[in-house]
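# Structural overview
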Amino acid sequence: MRLLLATLLAACASSPDYGAPDAATSIAVDESGGLVGPGGNHTGVHLEGTLATYVSGAMTETAMLTTDQVAAMIHALEDVGFLGLHSSTEVCAADAPTVAIDAAVAAGTNHVEHSLGCDASLDHLDQQLFDISGLSAWLASR
C-alpha cells in the first residue's frame, strides 16, 4: 500500500509545471489589426521579469508587477497547456484582429498566433493575461 501511495505521489509531482516567476520570465501578448487595419490598432503587454510595458497605439507606459501577478499569468498559460499549443492559420472573419502570445517560462518557450473569435479558450487567455497584468485597467483609465 505504501509503495502504491509513493508511486502515485511521484506521478503527481512529475506533472507539467511551468515554474515560478524569475528574472528570465518573458510574456508578450499583442493584439493588432481588425477594422482599423494592421499597424493602426495595436494593444498589448510585454513582460520581462516583473516589469510590464503596456502598449496602446503609440502610447506606452511601464509598471512593476508583483511576483503573484506574474505567477498568475504563468498559471493561466499552464491552464490551457500553452507550451503545447500551435499557431492557428484559421481566419474566422476577414476583419478579425490577430493576437500573438510569446512566452518564455522555466519549462520552455512558445509563440502562438490566432485570430480573435476562432478559439474561445485562446480568446479567454488573451483577456485573462490583459486583466492580470493590469493592461485592461490601464486602458480603461485612458
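Notes on the structure follow. Values in this document were obtained by computation on a predicted structure and should not be read as measured data. (Residues numbered from 1 in each chain as written. Predicted model: local features only at pLDDT ≥ 70, side-chain atom pairs only at ≥ 80, totals over all residues. Heavy atoms only, no water.)

## Focus: the pairing of strand β6 (residues 108-115)
Direction of pairing for strand β5 (residues 97-105) relative to β6: antiparallel, over a ladder of eight bridges. Along β6, the bridge assignment pairs A100 with E113. Counting the residues in the hairpin turn of β5 and β6 gives two residues. (Pairing = 2+ DSSP bridges. Helix = DSSP H or I, 4+ residues; strand = E, 2+ residues; numbered from the N terminus.)

## Let's talk about the pattern of salt bridges
Under the counting rule described, the total for this entry stands at one salt bridge. Taking the shortest distance from any N to any O, the salt bridge between E61 and R142 comes out at 2.4 Å. Taken together, the residues span a long stretch of sequence, with E61 in strand β4 (residues 59-64) and R142 in the segment after α4 (135-140) at a distance of 81 residues. (Salt bridge = Lys/Arg side-chain N within 4 Å of Asp/Glu carboxyl O.)

## What to know about the nonpolar core
By size, the foremost hydrophobic cluster in this structure holds 25 residues, and its most contacted members are I27, V29, L77, F82, I101, L125 and L129. Contributing elements (two or more residues each) for this core: β1 (26-33), β2 (42-48), β3 (51-56), α2 (67-79), β5, α3 (120-133) and α4. Tallying contributions element by element places α2 first for this core, with five residues. Setting aside residues up to four positions removed in sequence, L129 forms contacts with V29, M73, A76, L77 and I101. (Core = buried A, V, L, I, M, F, W, Y, C linked by side-chain atoms within 4.5 Å. Buried < 20%, exposed > 50% of the residue type's maximum accessible area, 1.4 Å probe, protein only. Contact = heavy atoms within 4.5 Å.)

## Quick notes on α2
Between its terminal C-alpha atoms α2 stretches 18 Å, which fits the 18 Å expected from 13 residues at 1.5 Å a residue. Among the residues making up α2, those that are buried are V70, M73, I74, A76 and L77. The buried residues of α2 occupy an angular sector of 155 degrees when the element is viewed end-on, so they sit on one face. Residues of α2 that are exposed and angled more than 90 degrees away from the buried face: D68 and D79. Contacts from the buried residues of α2 go to β1, β2, β5 and α3. One or two residues past the end of α2 sits G81, with phi positive at roughly 65 degrees. (Expected span 1.5 Å × (residues − 1). Arc of directions from axis to C-beta.)

## A closer look at the sheet that holds β6
On the basis of which strands lie adjacent, the open sheet formed by six strands has the order β4-β3-β2-β1-β5-β6 and antiparallel pairing. Taken across any chain shown, the strands that pair with only one partner, and hence form the sheet edges, are β4 and β6. The sheet shows a mean angle of 10 degrees between the axes of neighbouring strands, taken without regard to direction. In this sheet, β3 lies alongside β2 in antiparallel orientation, the contact comprising six bridges. Of the residues in β3, the one forming a bridge with L47 is A52. Across the sheet, α3 is in contact with β1, β2, β3, β5 and β6; its angle to β6 comes to roughly 115 degrees. (Axes fitted to C-alpha atoms, helices over the stretch in contact; angles between N-to-C directions.)

## What to know about the side chain of T25
The topology assignment puts T25 in the loop between α1 (2-13) and β1. Owing to a relative accessible area of 1%, T25 belongs among the buried residues under this scheme. In terms of polar contacts, T25 uses its side chain to reach the backbone amide nitrogen of D22, at 3.0 Å. Beyond its immediate stretch of four places on either side in the chain, T25 contacts A20, L47, E48, G49, V70, I74, A104 and V105. (Polar contact = N/O pair within 3.5 Å; in protein donor to acceptor, adjacent residues only side chain to side chain.)

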